[in-house]
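Spelled out from the first residue to the last, the chains are:
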Amino acid sequence: MFASVLFMLIYAAALALCVYFAVKRHWLKSCLSAAAAVLPIPAAYYLAKKFVAAFGASLSDALKEGFLELLNLRSDVMLREKAMLNVSAYAVNALLGIAAFLLCFFLLWALCSFVKRLLFVLVAKRSYSEYDTPKKLPVLSAAFSLVSFAAVSFAVLFPLGAASDIAASAAKTCGYRLPASIISNPIGRLYGIAGRGFFDNLTEIEGVTEFVNSDEAERGTEIYISLRKVAEGADADGESIGRISESLKSSYLMTDLMSELVANAANSWKNGRRYMNVTPKIPDGRSGELVKDTLEILSGWERENLVSDIDTAINVYKLLRGRGITRLDDGAALFEALSKEDFDKELFTELSQNGDFIAVIPKVLHFGIGTAVDAMEMEMNDDYIVELDASSLSREDWLKEASAFSVLIARMRTMSENRDNPDTLGLLKDLYSLRGSKLIGNVLINLLIQILYNLQLAAAG
């Protein structure tokens, strides 16, 4: 807030001083000063484009490694880095374009100012400071000074204007109120539309027509804001999660980058490594194993399947949120949800329709049965919970499997709550009714033996 207010005060003071001195100056001086400020803009634009075309690729290669380090996108565990290098090259190209333009502008502005003063000596036979006539025309002089101020301030502030317009557009799309800052203040907004267009033309990559630079930045900002809202717990209706998917679908660069970031992050996190300055705490026990299994699947994300995977992840997220499951270590809430037939049908149907996430279903099966056995305070060798290749099942098969699974978990959950008087006959009836299940049928005999054995031990004890 303070920086924003200070910036606006400095801007207003500079504008006021420019007009104040112009009123006292001869209009011809102000006219030539305006020309000296305006003419360098197209010339600097041309030279900056030529500079980036000639040296951008080599300088990008030299700087992008440091750029990745700056953004904490390096890790000891890297599955791939092509997309990150492409995005860093895009960012470095944009920074080089801006820097080259500013350098060329100030050099040319100084040169034009020198020529301006030289003209007074050669033509008027007087120095610039000494030139004066009775007809100063202060209003005209002030008008020319405004042109000078507009030209110089635009040359300096167009990146701020572009950033302001990008941030404002993204925030509006995401329904987010930007905090008071230099980017969101009225001066930044003043240079917004023109600054963004100039930025796009100046920093466009030669031969690349698939995307517009500022549009990609806006999509990235939308994703950042949406992720922030989710992290802050401000996404009760799942709108921000849905916005992430929409932003990815309309982005060219972000789909590659997001799939790569998720794959690298998942690979690092499941191995307990830090990535992007984050080391999430993976819960212990079966909940942790389910999280690690899911991270293993995410580590295989590619651009081709990203959008469908994101949609599946969003739908599963909304399903879990609807059941009050918001934390990685909330195994008890997930176990309770798995005992409900409607939840299992929605979950299995959603996961089974995705070629990547279908592999999560056997992990959920493993988690549910294992957690149920744990809740019954029994011991069971996890090898008895066999994981099958579930890719051949139809949607109708999945609905049947979900129904069967919910019956099994509900029965075991009931028994865990009544360990002193377990309904063994009810368990036998349920297990018999589930004998046709393709996913859990092959574990029922082993499960039955283990449960009955443990019950016998408990009775004998």
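This section reports on the structure supplied with the text. Keep in mind it's a predicted model, so treat the numbers as computed, not measured. Per-chain numbering applies: the sequence of each chain, read as written, is numbered from 1 onward. Thresholds applied to this predicted model are a pLDDT of at least 70 for local features of residues and 80 or more for the giving and counting of side-chain atom pairs; totals over whole chains, interfaces and linings are not thresholded and use all residues. With hydrogens and water excluded, all non-hydrogen atoms of the structure serve as input to the side-chain values.

Structural notes on the overall build of the protein chain
Then step 1. We count a stretch as a helix when DSSP gives it H or I for four or more residues in a row; a strand needs E for two or more, and each element gets its number in order from the N terminus. The helix and strand tally for the protein chain stands at 18 helices and 0 strands.
Then step 2. To sort residues, take the accessible area from a 1.4 Å probe on protein chains only and compare it with the maximum for the residue type: under 20% means buried, over 50% means exposed, and anything in between is partly exposed. By the burial criterion, 45% of the 461 residues in the protein chain qualify as buried.
Then step 3. In this analysis, two residues are considered to be in contact whenever any of their non-hydrogen atoms come within 4.5 Å of each other. Across the protein chain, contacts joining residues at least 24 apart in sequence account for 77% of those joining residues at least 6 apart.
Then step 4. The Shrake-Rupley method, run with a 1.4 Å probe, gives the accessible areas here. Residue values count only the displayed protein chains as cover. For the protein chain, the exposed surface amounts to about 23700 Å²; the carbon and sulfur share of it is 61%.

So, the nonpolar core
Then step 1. What makes a nonpolar core is a set of buried Ala, Val, Leu, Ile, Met, Phe, Trp, Tyr and Cys residues whose side-chain atoms join them at distances within 4.5 Å. Leu248, Leu338, Leu347, Phe348, Val364 and Phe405 are the most contacted members of the largest nonpolar core, which has 58 residues in total.
Then step 2. Ignoring any residue separated from it by four or fewer positions in sequence, one finds Leu338 in contact with Phe343, Asp344, Leu347, Val364, Phe367, Gly368, Phe405, Ser406 and Ile409.
Then step 3. Residues Ala100, Cys104, Ala151 and Ala162 belong to the second largest nonpolar core, which totals 27 residues.

Remarks on the environment of Ala62
Then step 1. Tracing the sequence through the fold places Ala62 in helix H3 (residues 40-70).
Then step 2. In sequence terms Ala62 and Ala89 are 27 residues apart; their C-alpha atoms lie 9.9 Å from each other.

With respect to the layout of surface pockets
Then step 1. Lining residues are those with an atom within 4 Å of a point, where the points come from a 1 Å grid over the protein atoms alone and group into cavities, where a 1.4 Å probe fits but cannot get out, or pockets, open sets with protein on both sides within 12 Å along at least five of seven lines. Grid points are joined across faces, edges and corners, and a volume is the space filled by probe spheres set on the points. Computed from the structure, the second largest pocket encloses a volume of approximately 560 Å³.
Then step 2. Residue lining of the second largest pocket: 26 residues in total, with Asn93, Glu204, Ile205, Glu206 and Val208 positioned closest to the centre.
Then step 3. Breaking the lining of the second largest pocket down by element, the ones donating at least two residues are H3, helix H4 (82-124) and helix H10 (253-270).
Then step 4. Per element, the largest residue contribution to the lining of the second largest pocket is 8 residues, and it comes from H3.
Then step 5. Split into classes, the residues belonging to the lining of the second largest pocket amount to 15 nonpolar, 4 polar and 7 charged. Residues are sorted three ways: Asp, Glu, Lys and Arg are charged, Ala, Val, Leu, Ile, Met, Phe, Trp, Tyr, Cys and Pro are nonpolar, and all the rest, Gly among them, are polar.

With respect to the environment of Ser60
Then step 1. Residue position: Ser60 is located in helix H3.
Then step 2. In sequence terms Ser60 and Asn86 are 26 residues apart; their C-alpha atoms lie 9.8 Å from each other.

A closer look at the packing of helix H2 (residues 27-38) against H4
Then step 1. Every axis corresponds to a line fitted to the C-alpha atoms, with the helix fit spanning only the stretch in contact, and the corresponding angles, defined between N-to-C directions, vary from 0 to 180 degrees. Interhelical geometry of H2 versus H4 gives an angle of 150° and a closest axis separation of 8 Å. Considering the angle they form, H2 stands roughly antiparallel to H4. Note that H2 runs across H4; the crossing there is right-handed. Contacts between H2 and H4 involve Leu28, Lys29, Leu32, Ser33, Ala36 and Ala37 from the first element and Phe105, Trp109, Cys112, Ser113, Lys116 and Phe120 from the second.
Then step 2. Its residues placed into classes, the contact of H2 with H4 shows 8 nonpolar, 2 polar and 2 charged. Orientation categories follow fixed angle ranges, with anything under 35 degrees roughly parallel, anything over 145 roughly antiparallel, 65 to 115 roughly perpendicular, and all other angles oblique. By definition, turning the near helix anticlockwise from the far helix through less than a right angle yields a left-handed crossing, and turning it clockwise yields a right-handed one.

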